[in-house]
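Structural characterization, general
The lines below spell out each chain.
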Amino acid sequence: MNEHDDLSFGAIFNDTGSRSEPANTAAASTDEPVVICDGVHVRYKTLATGKKLKLGGGGGMLKRQRGIQEVHALKGVSFVAHRNESIGVIGTNGSGKSTLMRSITGLTPTSEGAIYAKSRPNLLGVGAALIPDLSGARNIMIGSLALGLTRSQVEEKFDDIVEFTGLEDFIDLPMRTYSSGMSQRLKFAIATSVQHEILIVDEALNVGDKKFRDRSEGRIRSIRENAGTVFLVSHSMRTIKDTCNRALWIEKGELRADGPALDVIREYQAFNKEAKERGE
């Protein structure tokens, strides 16, 4: 079950506003909880393609059977996120990071357990859709209006958004002429031009040059400092170190570690080093 309104969120607390936090949670914060994941499981079915495998010893090819397989993407994940936290989400490819983020936003339903959010989480992904045939300038207007800004507010923010992207020379060209990196920079600038209470950023900082990445990380810190909570999914440990004060390590659908960002990163890097030495 996914819940995203104040009534559902408040109902799981007692009269004093306290609640025993799930296991694997970082040290208690003095700030109020804004997201609670309580024993979350996600299972889904997928079609196995039936690839051909070559047998050793001249045995020819073996064709694997096609069929429906169940994937257990998240396995009992529990944690509490607090106001003003910037939480890095790390793990190897296919570990369940993006599934967890989509579950928090309500895009992927949970199979077991529950997710409670104090307000509607906003997912900022590099695949966010704008309109390719329209100019960057028109997309700034459309995207900002979709975020709830008025036309006068968009006009007030317009120059800052364009400057943030570094696309001044291209802003009047259709977005279909942009490179993927240019498009992603524009989407990030639009989405972060407003203050979010809960923002989820999935790999969106891995685009652009160092100057743009530095500006992006500064924008994330600003959202957090203005009473927002940020989840940042990234394979860049430097970005996590520079941006986040806490990290969650998801591995094979399980929450392996939750704590101060530097401590969790060290544990994750040691795990990867050992796996590499074993040839995995």
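Everything below is about the structure shown above.
Now for a quick tour of the structure.

Reading the values: the criteria
- Residues numbered from 1 in each chain as written.
- Predicted model: local features only at pLDDT ≥ 70, side-chain atom pairs only at ≥ 80, totals over all residues.
- Heavy atoms only, no water.
- Helix = DSSP H or I, 4+ residues; strand = E, 2+ residues; numbered from the N terminus.
- Contact = heavy atoms within 4.5 Å.
- Polar contact = N/O pair within 3.5 Å; in protein donor to acceptor, adjacent residues only side chain to side chain.
- Salt bridge = Lys/Arg side-chain N within 4 Å of Asp/Glu carboxyl O.
- Buried < 20%, exposed > 50% of the residue type's maximum accessible area, 1.4 Å probe, protein only.

**So, the environment of Thr192**
Positionally, Thr192 belongs in the loop between helix 5 (180–191) and strand 9 (198–202). Spatially, the C-alpha atom of Thr192 lies 8.0 Å from that of Ile220, the residues being 28 residues apart in sequence. Ignoring any residue separated from it by four or fewer positions in sequence, one finds Thr192 in contact with Leu124, Leu199, Arg219 and Ile223. A polar side-chain atom of Thr192 sits 2.7 Å from the main-chain carbonyl oxygen of Phe188.

**Considering the pattern of salt bridges**
One side chain can pair with another of opposite charge once the charged atoms of both are near each other. For the coordinates displayed, the defined rule picks out ten salt bridges. Glu32 serves as the salt-bridge partner of Lys118, at 2.2 Å between the closest nitrogen and oxygen. Linking Lys118 in the loop between strand 7 (112–117) and strand 8 (122–125) with Glu32 in the loop between helix 1 (6–11) and strand 2 (33–48), this pair joins segments that are 86 residues apart in sequence. By relative accessible area, which is 33% here, Glu32 ends up partly exposed. The salt bridge partner of Arg238 is Glu217, with a shortest N-O separation of 3.3 Å. Highlighted residues: Arg238 in helix 7 (residues 237–243) and Glu217 in helix 6 (residues 210–225), separated in sequence by 21 residues.

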